[in-house]
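What follows is the residue order along each chain.
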Amino acid sequence: MRPRRHVAVKALASLLLCGLFAGVVVAAAVFPGLAAKSGADTFEDLPTDLDVLPSPQISYIYASDGATLLAMMYDENRRDVPIADMSTFVTQAIVAAEDTRFYEHQGVDLKGVARAFVNNENGGDQQGASTLTMQYVRQATAYSAQSPQDVLDATSKTTGRKLREMKLAMALEKKLTKQQILERYLNISAFGHGAYGVYAASQVYFGKAPKDLTLGESALLAGLVKAPSTNDPATPDGLPKALGRQTYVLDQMVSMHYITAQQRDQAKAEKLTIVGQRTPEGCASVQRPELGAGFLCDYLRRWWLEQPAFGADAFERENRLRSGGYTIVSSLNVQTQAAAFKYAQDQPGLGGEKIGMGNPEAVMIAAVEPGTGRVQALATNRNFSNDQTHNGASTSPARKGQKGNYPNTTVPLITGGPDVPGYQGGSTFKIFTAVAAMEAGLPLAHTEDVQAQFVSDYPLNAESPAACNGPHYCPKNSTGDPTGTFNMWQGFGMSLNTYFVPLEQRVGADHVVDVAKRLGIQFRSPQDAGYAKNAKTWGAFTLGVTDTTPLDLAGAYAALDADGVYCAPTPVVEIHDLHGNKVDAGQPRCRQVVAPDIARAAVDMARCPVGDQSAYNACPGSGTATGVRDQVGRPVAGKTGTTDSGRSATFIAMTPQLAVAGILTDPDNPQTNKVMSHPVVNTAVADTLKAAMNGLKVEDFTAPSHQMAFGS
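The following refers to the structure shown. Being a predicted model, the structure only gives us computed values, none of them experimental.

Below, the discussion takes up the overall build of the protein. Summing up its helical and strand segments, the protein has 26 helices and 21 strands in all. A buried classification covers 55% of the 712 residues belonging to the protein. Pairs at least 24 apart in sequence give 70% of the contacts found in the protein among residues at least 6 apart. When the accessible surface of the protein is summed, it comes to about 29700 Å², and 51% of that surface belongs to carbon and sulfur atoms.

Turning next to the nonpolar core. Core analysis: the biggest nonpolar cluster contains 99 residues, and W304, I328, I431, F432, L519, L560 and I575 have the highest contact counts within it. A per-element tally of this core places helix 22 (residues 550-561) first, with 8 residues. If near-sequence neighbours (up to four positions away) are discounted, W304 is found in contact with F310, R317, L321, Y326, I328 and I575. In terms of nonpolar packing, the next biggest core, distinct from the first, is built from 52 residues, V81, A93, L132 and A200 among them.

So, about the packing of helix 6 (residues 132-143) against helix 9 (residues 178-188). It is at 10 Å that the axes of helix 6 and helix 9 come closest, and there the two elements cross at 55°. Classified by the interaxial angle, the pair formed by helix 6 and helix 9 is oblique. The hand of the helix 6/helix 9 crossing is left-handed. Within the contact between the two elements, helix 6 uses L132, T133, Q135, Y136, Q139, A140 and Y143 and helix 9 uses I181, L182, R184, Y185 and I188.

Looking now at the sheet that holds strand 7 (residues 375-380). On the basis of which strands lie adjacent, the open sheet formed by 5 strands has the order 7-6-21-20-19 and antiparallel pairing. Two strands bound the open sheet, and with one partner strand each, they are strand 7 and strand 19 (637-642). With direction set aside, neighbouring strand axes in the sheet form an average angle of 10°. Across 7 bridges, the pairing between strand 6 (residues 362-368) and strand 21 (residues 658-665) is antiparallel. Bridged to A366 within strand 21 is A661.

A few words now on helix 16 (residues 334-345). For helix 16, built from 12 residues, the straight-helix expectation of 16 Å at 1.5 Å per residue is met to within 8% by its first-to-last C-alpha distance of 17 Å. Listed in full, the buried residues belonging to helix 16 are T336, Q337, A339, A340, F341, Y343, A344 and Q345. Turning to helix 16, the residues buried within the fold contact helix 14 (294-304), strand 6, strand 7, strand 21 and helix 25 (678-693).

Now for the sheet that holds strand 5 (residues 327-330). Strand order in the open sheet formed by 4 strands is 2-1-5-17, with mixed pairing between adjacent strands. On the outer flanks of this sheet lie strand 2 (69-73) and strand 17 (572-576), each paired with one strand and no other. Averaged over neighbouring strand pairs, the angle between their axes works out to 15° when direction is ignored. Bridge count for strand 1 (residues 59-62) against strand 5 is 3 bridges, and the pairing is parallel. Note on strand 5: the bridge partner recorded for Y62 is V329.

Quick look at unusual backbone geometry now. Backbone geometry at R288 places phi at a positive 50°, although glycine is not the residue there. Relative to the helices and strands, R288 resides in the loop between helix 13 (261-269) and helix 14. Here R288 falls in the partly exposed class, since its relative accessible area comes to 34%. In this structure, S495 is a non-glycine residue whose phi angle is positive, near 55°.

Moving on, we get to the pairing of strand 19. Among the 6 residues that make up strand 19, 5 are buried, leaving the element largely enclosed by the rest of the structure. Strand direction decides the pairing type here: strand 19 and strand 20 (residues 649-655), joined by 6 bridges, are antiparallel. Bridging from a neighbouring strand, K639 pairs with I652 of strand 20. The hairpin formed by strand 19 and strand 20 contains 6 residues between the paired strands, and S645 there has a positive phi angle of roughly 65°.

The full count for this structure, using the stated rule, is 16 aromatic pairs. When the centroid spacing of 5.0 Å and the interplanar angle of 75° are considered together, the rings of F102 and Y103 count as edge-to-face. With a relative accessible area of 44%, Y103 lands in the partly exposed category. Measuring from ring centre to ring centre gives 6.1 Å for F523 and F541, while their planes differ by 40°; the resulting arrangement is tilted. Taken as a pair, F523 in the loop between helix 20 (509-518) and helix 21 (526-533) and F541 in the loop between helix 21 and strand 15 (547-548) lie far apart in primary sequence, 18 residues in all. Taken together through their ring pairs, the aromatic side chains of F429, F432, F523, Y531, W538 and F541 make up a single cluster. Taking the ring centre of F102 as reference, the NZ or CZ of K178 above it sits at 4.5 Å.

Summarising the element assignment, D528 is placed in helix 21. When residues no more than four places from it in sequence are discounted, the contact partners of D528 are F523, W538, T546 and D547.

Here is what the cut-offs are and how they apply
- Residues numbered from 1 in each chain as written.
- Predicted model: local features only at pLDDT ≥ 70, side-chain atom pairs only at ≥ 80, totals over all residues.
- Heavy atoms only, no water.
- Helix = DSSP H or I, 4+ residues; strand = E, 2+ residues; numbered from the N terminus.
- Buried < 20%, exposed > 50% of the residue type's maximum accessible area, 1.4 Å probe, protein only.
- Contact = heavy atoms within 4.5 Å.
- Areas by Shrake-Rupley, 256 points an atom, 1.4 Å probe, with all protein chains shown as cover.
- Core = buried A, V, L, I, M, F, W, Y, C linked by side-chain atoms within 4.5 Å.
- Axes fitted to C-alpha atoms, helices over the stretch in contact; angles between N-to-C directions.
- Parallel < 35°, antiparallel > 145°, perpendicular 65-115°, else oblique.
- Left-handed = near helix turned anticlockwise from the far one by under 90°.
- Pairing = 2+ DSSP bridges.
- Expected span 1.5 Å × (residues − 1).
- Phe/Tyr/Trp six-rings, centres within 6.5 Å; stacked < 30°, edge-to-face > 60°.
- Lys NZ or Arg CZ within 6 Å of the ring centre and 35° of its normal.

Have a look at this one:
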């Protein structure tokens, strides 16, 4: 005779089954107070609509070729794939592992419920009787939660939650096919070792796509979802448990006639190669390390955080990047980036050895495409890394014991930021004075009387070394520079200070600053911003005393290269969302800021410093970097820049297709007393430009009008 308790339990289970089957269970008749706890009077009153938000998806960043993977961004390593792209073994194995009656029930396995209820009431190991559909409902509800309380409600072990899952599962089975439910389940489930969904699991554990999984691999993965952390086969403790679960799954597959006993035995004997490699995440884990693409990746991330298209604030935009499943084709050109990274390291340092990764001085290079603003390269002789443990003594014997942020840093050295105002650009800023002069009606042939020292009208503290004749700004030329009458081609080619300060005084320093602003020069430091607001007395501006960055300079010169069309630097070519739809963000944002003829004249003038010849054969033959034309091997324009005491050396070179800017300095100590070497940065920039042009058509610059050149 059976115990009364067992009979009572069976009777109660029968009542529950009948209620579920009819869909009208009065919860209070089964469990006292259940109706109130579940928020409904009857089972029929429970919700049937499952509002599912997309589960977090990994975003991929590619180079401009759309094929070279650079980086992956994610909170959860997951990428949804259609069931057609999964091995049949894995879909069969998950059913065998988690829900053998999946194709028989309608969301709720009544037999399983009765079995679990009787077992649990008799004190056995707790069983949940959750079908695959119910498990999917639970996970989808948790991912779609709008508040912490919603998450608790979706995951807490209560009878009310179970009933809600049952009702939602039954409703879901009426809307979706079994294959659709199975596909969603396999894409949402956790598999351990940082892998969510079968795609990530296949990659993490076996380094392959889900469609290529073998029977043994499929059974192993299917066995993980029950306890992904405990059964992690990539850990010594988890591997035996994972193999035990694999055996269970294979046996279940035999009993369900998915496979034969012989297939099972072969799968058990299969030698599995567990990769156990977590998918790299973030800009500090870029692929293709030989490209040194971490800084461009980080620039893209910072750019993303400023785009309203991806959310109302930086927090929401970051979340979208790391969970939205975007495919991002960046502007990084593999050929240009590889060259910039190589040549940033290959130059001789102050001690004679290669700069490499071990020296305080940094060669910082940016390359921008005229007409689009697309940033093809950002490179320097630093590792983009969160690991700061290797910062410290330089590997250079000449600098033993010195400290610095080398070789590892995540500081945006090349692009600037709130804490990185940049480095003085020197005479590269003279081009802004030339543009302002031409806008004022002066042609390239305009002459100034160049003196060894010029006494300007600009006020200056009498204590300053640059002051004379009372509080006046009195710039000098470099030792050995010629004096006499020179035109703009000549003054720019030889970089004559006392040509450009008088010219600036003639057209107004405020107009020169305005040109620089239009061409994208930013004033990040409070001091520079203050001077820029009251620019009429900023006499030294033309000599590049303000801080700037390689990216700003490359963008400014690229705008002149593009007939005066300034395009805000952008790190992307195109972006597609999870469903393949093109996102309207990252398109070139361009505007005409300088008249085309004036821009062409500025570029024509800029051919003089680098050993090229202007369209009117007006270059003097002597310049500050005359070997660059032969080094690049095609028409080229550009400008050198040096700060007082040589604390930084700047160089820009461009063809009609690309502008490359580089700055050499100690970014940890821009006020260094070391003299930076122009041949170092000039060579790095010129070699980068030459390599970037390899395979591209040779193009010449468009000549300015005769009127703009000579004024008549």
